[in-house]
Amino acid sequence: MTTLLFDLDGTLIDSAVGITRCVAHALTQMQQPVPSDIELRRWIGPSLRASFGPLFENPAHVEHAVEHYRDRFERHGWAEHEPYPGIDGVIEALHAAGHRLVVVTAKNEPHARKIIDHLPFGHRFDDVIGATLDGRLSDKPELIGEALQRLALAPADCWMIGDRRMDIEGARHHAMRNIGVLWGFGGESELRAAGADHLAASPAQLPALLAA
């Protein structure tokens, strides 16, 4: 049985509103300038500590910024998203075809589980692997490794599907087949530069690519 590891933000859901509003909130609370919406969208994908880190010399200030982000996310941000058009039917079809479905995301695991639990197709995922609150697990290679260990999976039996270079780089780190999706936040040039095996322009293309 093939296991499909799906990224969350930019792959299953368009979460730009929730994430960018929470980043803006954290920066405001930390008395930092809030960049443009285009710049804020670049925060979608990397871990929070990796994004906040360059802004503060004091590691404690990075942790404060993460706390401000999480505070708003827990109150509002987790619900500020929409599933991408067509992804629900594709998830149902992949499950019906016998694939095992798992979410692997740099979002912290409690938040990711809350979102998946509220998606109409969320029950099709066997597990959700996300970042630890203390940052011990936060980067995609580590998160994919955690998924492999937790679920006793072999990389050769898995695919990673995601919209950012981190998803592709994480898959390649484990010699795992991968698909870069073009409806998210990374874009074709970023995914090609990361070495994506395949590119999908729409969710409807995923089944054929997985069968190739």
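Here the structure is shown first, and the text comes after it.
So, how was this worked out
- Residues numbered from 1 in each chain as written.
- Predicted model: local features only at pLDDT ≥ 70, side-chain atom pairs only at ≥ 80, totals over all residues.
- Heavy atoms only, no water.
- Phe/Tyr/Trp six-rings, centres within 6.5 Å; stacked < 30°, edge-to-face > 60°.
- Buried < 20%, exposed > 50% of the residue type's maximum accessible area, 1.4 Å probe, protein only.
- Helix = DSSP H or I, 4+ residues; strand = E, 2+ residues; numbered from the N terminus.
- Core = buried A, V, L, I, M, F, W, Y, C linked by side-chain atoms within 4.5 Å.
- Contact = heavy atoms within 4.5 Å.
- Expected span 1.5 Å × (residues − 1).
- Arc of directions from axis to C-beta.
- Pairing = 2+ DSSP bridges.
- Axes fitted to C-alpha atoms, helices over the stretch in contact; angles between N-to-C directions.

J.: Can you lay out the packing of aromatic side chains for me, pointing to particular residues and giving the numbers?
T.: By the definition in use, this model includes four aromatic pairs. Seen from their ring centres, W43 and F52 are 4.8 Å apart, and the 65° between their planes marks the pair as edge-to-face. Like W43, the residue F52 is buried in the burial classification. Measuring from centroid to centroid gives 5.9 Å for Y69 and F73, while their planes differ by 15°, and the two rings are stacked. Taken as a pair, Y69 and F73 lie in helix α4 (residues 59-75) at a separation of four residues, close to a single helical turn. Across this residue pair, the class does not change: Y69 and F73 are buried. An aromatic cluster is present here, built from F6, F121 and F125 joined pairwise through their rings.

J.: Break down the nonpolar core for me, with residues and values.
T.: Grouped together as the largest cluster of nonpolar side chains are 48 residues, with contacts concentrated most on F6, L12, F52, F125 and L206. Sort the elements by how many residues they give to this core and helix α1 (residues 16-29) lands first, with seven residues. Here F125 is in contact with F6, L12, I91, L101, V102, V103 and I116, once residues within four sequence places are set aside. Core analysis: the second largest hydrophobic core is formed by 16 residues, A106, I129, L137 and M176 among them.

J.: So, the side chain of E190: which residues are in play, and what are the values?
T.: By the element assignment, E190 lies in helix α9 (residues 188-194). For E190, the residues in contact, after removing those within four places along its chain, are D163, R164 and R165.

J.: Let's hear about α4: which residues, and what values?
T.: Think of an α-helix as 3.6 residues a turn; residues three or four steps apart then line up on the same face. Helix length check: α4, at 17 residues, gives a terminal C-alpha distance of 25 Å against a target of 24 Å (1.5 Å per residue), a fit within 8%. Among all positions in α4, only V62, A65, V66, Y69, R70, R72 and F73 are buried. The buried residues of α4 occupy an angular sector of 165° when projected down its axis, which confines them to one face. On its buried face, α4 is in contact with α1, α3 (48-52), β4 (100-108) and α6 (109-118).

J.: Can you lay out the pairing of strand β1 (residues 3-6) for me, pointing to particular residues and giving the numbers?
T.: Neither face of β1 is exposed, since T3 and L5 on one face and L4 and F6 on the opposite face are all buried. Pairing geometry for β1 and strand β6 (residues 158-162), over four bridges, is parallel. Counted as the bridge partner of L5 is M160 from β6.

J.: Would you mind going over the sheet that holds strand β8 (residues 198-200) in detail, with residue names and values included?
T.: In spatial order, the strands read β5-β4-β1-β6-β7-β8; together these six strands make up an open sheet with parallel pairing. The outermost strands of the open sheet, each flanked by one partner alone, are β5 (127-131) and β8. Averaged over neighbouring strand pairs, the angle between their axes works out to 25° when direction is ignored. One ladder, built from four bridges, connects β4 with β5; its direction is parallel. Within β5, the position partnered with V104 by the bridge is I129. Strand contacts of helix α8 (residues 165-173): β6 and β7 (177-181), with the helix running at about 175° to β7, the strand carrying the most contacts.

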